[in-house]
Amino acid sequence: MRITVKQQVLLAPATILVLLILLLAFMQYTYWDLSAKRREAKAIGTTFVALAEADMAARRLHLLLRSMQHTGMASPEDMALVSDLYERLFDAIGRLKPFGVLKNSGQISHLLALAEELNPADSPRIEETAESFARFRTELSAISNINQINSNRLRLDHEQDITQLVERTAIVSMSVLILAIVSGLLIAGYFSRRILNRVQSLSRNAVRIADGKLELPPAPDHIRDELDTLAISINRMTKRLIRVVGTEKLLEGAEEERRRIAMDLHDQTLSDLSTILRGLQSLSTETADKTVLAKTEKLEAELERAIANLRDIMNNLHPQTLDILGLGAAIEAHLEQDCCSDNLPEYHLYIDPQVSHLNLDQLKQLALYRIAIEAIQNVIKHAMASRYEVNLEVREETFILSVEDNGKGIPDRDSRDSGRGLNNIRERAKAITAEVSWKSSRFSSGTRFELTLHT
Ligand SMILES: Nc1ncnc2c1ncn2[C@@H]1O[C@H](COP(=O)(O)OP(=O)(O)OP(=O)(O)O)[C@@H](O)[C@H]1O
Ligand SMILES: [Mg+2]
């Protein structure tokens, strides 16, 4: 089953919450049970009062009717009292609340029928009246007894119920609370350990990568949660890093090889040629023959040219100024040496003083130097510009190299894929994690090449 990290974190509190809700429901049920019993007790109480009232009204009505029958006189006040008492009697019986055994026994309806027999409007004879009252009061006292018994039973039950309720609530509450806490802790412990182990393993892999040990960390086959996504991302990131470092190493190796060749040329070939030159120079001072002298002088000039060419080649292979003076000075030297003739576009070079404080390593400096030279060469070769600007700036910890011309502008993608220069620029920039772009220049026409490197 797929459970996300968020769900794993929420599972423990959710379990505790569900158990607490169950506890609340149980308490509510207990209260409901208790309140039903309380309603029954209230009904008994009401019935008790109604019975007493009915009994009292019946007794008074009986006495009054008897005295009226004895005297044979019935004043209007007496008649009013009789009908009032009868009404009260009826009203009291109407307030009887049937409960327990009384509900279906038919005793209440029997009592009602007996009460109707007592109606003074029927003007019964004295014997019948006495009999009716006797029957009515017997039934009343039977119901009253039942009421009393129920009342006692309920009182006892109520006390028992309260004790039971307190005990049961305490036991259930304690058990549910303990269950909630224990299960919450177990679930939280289980899932947090699971998450922690995986996070620790991910962080170990990340630390290994940061330390430069580029071993591919394991990646899950399928994504179950956010941590799997993270593991797959770290795996992909490492793969890319291995590729980038590979390119970097390749470039580093190539640069090292060029440096070695430049040194060999300097130490071996250049010193051999210098020895030959010195030999020729001494030969020309020793000889008196004019034709030999002319030939040696020609050979000397050619040799000096060859030596100068060789120095150019050596400088191209590995610019010594870069090692000695740094990036800005090396680019400046290149511009002064190779881009200064009349038939070439005019250039303007700006080097931010902060560039020298940047502390760029050898490989980055070489990559930046070669990128700058290729961008400048492209302006000279393709832009047909009359001027261009080369800027080396530092803005908020970011190094920016730009070469901006006022030429014809860079053509669309297809036609610019012909050479290797732009690709080399991209590859070198990627190796040192710099970003490059070619946009329209701020002049009325032309191209702005820009490289940004976060230092
Ligand atoms: N500043 C520029 N102005 C106008 N066009 C440019 C500029 N820079 C490059 N281009 C265009 O981009 C194309 C590709 O340049 P790229 O440097 O890759 O190759 P190249 O200079 O022709 O050959 P290579 O650099 O391999 O000697 C060029 O042929 C040119 O048309
Ligand atoms: Mg080029």
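Residues numbered from 1 in each chain as written. Chains lettered and ligands numbered in written order. Predicted model: local features only at pLDDT ≥ 70, side-chain atom pairs only at ≥ 80, totals over all residues. Heavy atoms only, no water.

Caption draft 1: Layout of the site of ligand 1. With respect to spatial proximity, 17 residues lie near ligand 1, and among them Glu 374, Lys 381, His 382, Arg 420 and Leu 422 are the closest. Separating an oxygen atom of ligand 1 from a side-chain N or O atom of Glu 374 is a distance of 2.9 Å. Across the complex, the protein chains shield 83% of the 600 Å² of accessible surface that ligand 1 would expose by itself. For the shell around ligand 1, the secondary structure elements donating two or more residues are helix H10 (362-383) and helix H11 (421-431). With six residues, the single largest contributor to the shell around ligand 1 is H10. In terms of residue class, the shell around ligand 1 is built from five nonpolar, seven polar and five charged. (Near = heavy atom within 4 Å. Polar contact = N/O pair within 3.5 Å; in protein donor to acceptor, adjacent residues only side chain to side chain. Areas by Shrake-Rupley, 256 points an atom, 1.4 Å probe, with all protein chains shown as cover. Helix = DSSP H or I, 4+ residues; strand = E, 2+ residues; numbered from the N terminus. Nonpolar A, V, L, I, M, F, W, Y, C, P; charged D, E, K, R; others polar.)

Caption draft 2: Region of the structure containing the coordination of the magnesium ion (ligand 2). Those donors, Glu 374 (OE) and Asn 378 (OD1), are the protein atoms that reach the magnesium ion (ligand 2), and they lie 2.0 to 2.1 Å from it. Of this pair, Glu 374 and Asn 378 both sit in helix H10, four residues apart, which is roughly one turn of the helix. (Donors = N, O, S within 2.8 Å, 3.2 Å for Na, K, Ca; no water.)

Caption draft 3: Molecular detail of the layout of surface pockets. One number sums up the size of the second largest pocket: a volume of about 310 Å³. Lining the second largest pocket we find Arg 259, Ala 262, Met 263, His 266, Asp 267, Arg 311, Asp 312, Met 314, Asn 315, His 318, Gln 320 and Gln 337. Those elements that provide at least two residues to the lining of the second largest pocket are helix H6 (226-286) and helix H7 (290-317). When residues in the lining of the second largest pocket are grouped by element, the largest group, five residues, is from H6. Class assignment of the residues belonging to the lining of the second largest pocket gives a composition of three nonpolar, five polar and four charged. (1 Å grid on protein atoms, 1.4 Å probe; cavity = no way out; pocket = protein on both sides within 12 Å on 5 of 7 lines; lining within 4 Å. Points joined across faces, edges and corners; volume = space filled by probe spheres on them.)

Caption draft 4: Spatial organisation of unusual backbone geometry. The backbone of Asn 359 sits at a positive phi, close to 65 degrees, despite the residue not being glycine. Among the secondary structure elements, Asn 359 is positioned in the loop between strand E1 (346-351) and H10. Of note, Glu 397 is a non-glycine position whose phi angle comes to about 65 degrees, a positive value. Along the chain, Glu 397 falls in the loop between strand E2 (387-395) and strand E3 (398-405). A relative accessible area of 60% places Glu 397 in the exposed class. (Buried < 20%, exposed > 50% of the residue type's maximum accessible area, 1.4 Å probe, protein only.)

Caption draft 5: How the structure looks around helix H1 (residues 5-71). Over its 67 residues, H1 extends 99 Å from the first C-alpha to the last, a length consistent with the 99 Å expected when each residue adds 1.5 Å. Roughly 40 degrees is the biggest bend found in H1, and it falls at Leu 11, with proline Pro 13 one to four residues downstream. In the stretch just after H1, Gly 72 is the one whose phi turns positive, near 70 degrees. (Expected span 1.5 Å × (residues − 1). Bend = angle between axes of the 7 residues up to and from the residue.)

Caption draft 6: Here's a closer look at the packing of H6 against H7. Packing of H6 against H7 brings their axes to within 10 Å, and their N-to-C directions diverge by 165 degrees. The pairing of H6 with H7 is recorded here as roughly antiparallel in orientation. The hand of the H6/H7 crossing is left-handed. Grouping the amino acids of the contact of H6 with H7 by side-chain chemistry returns 17 nonpolar, seven polar and four charged. (Axes fitted to C-alpha atoms, helices over the stretch in contact; angles between N-to-C directions. Parallel < 35°, antiparallel > 145°, perpendicular 65-115°, else oblique. Left-handed = near helix turned anticlockwise from the far one by under 90°.)

Caption draft 7: Highlighting the side chain of Asn 378. Under the relative-accessibility criterion, Asn 378 is labelled buried at 17%. When residues no more than four places from it in sequence are discounted, the contact partners of Asn 378 are Ala 383 and Leu 422. (Contact = heavy atoms within 4.5 Å.)

Caption draft 8: Structural view of the sheet that holds strand E5 (residues 447-454). Spatially, E1-E2-E3-E5-E4 is the arrangement adopted by the five strands of the open sheet, whose pairing is mixed. Both edges of this open sheet fall to E1 and strand E4 (435-440), since each of them pairs with a single strand only. The sheet shows a mean angle of 10 degrees between the axes of neighbouring strands, direction not considered. Sheet analysis places E4 next to E5, joined by six bridges and oriented antiparallel. The residue bridging Ser 437 from the neighbouring strand is Glu 450, located in E5. Along the sheet, H10 makes contact with E2, E3 and E5, crossing E3 at roughly 15 degrees. Its contacts with the sheet place H11 against E4 and E5, and it is angled at close to 140 degrees to E4. (Pairing = 2+ DSSP bridges.)

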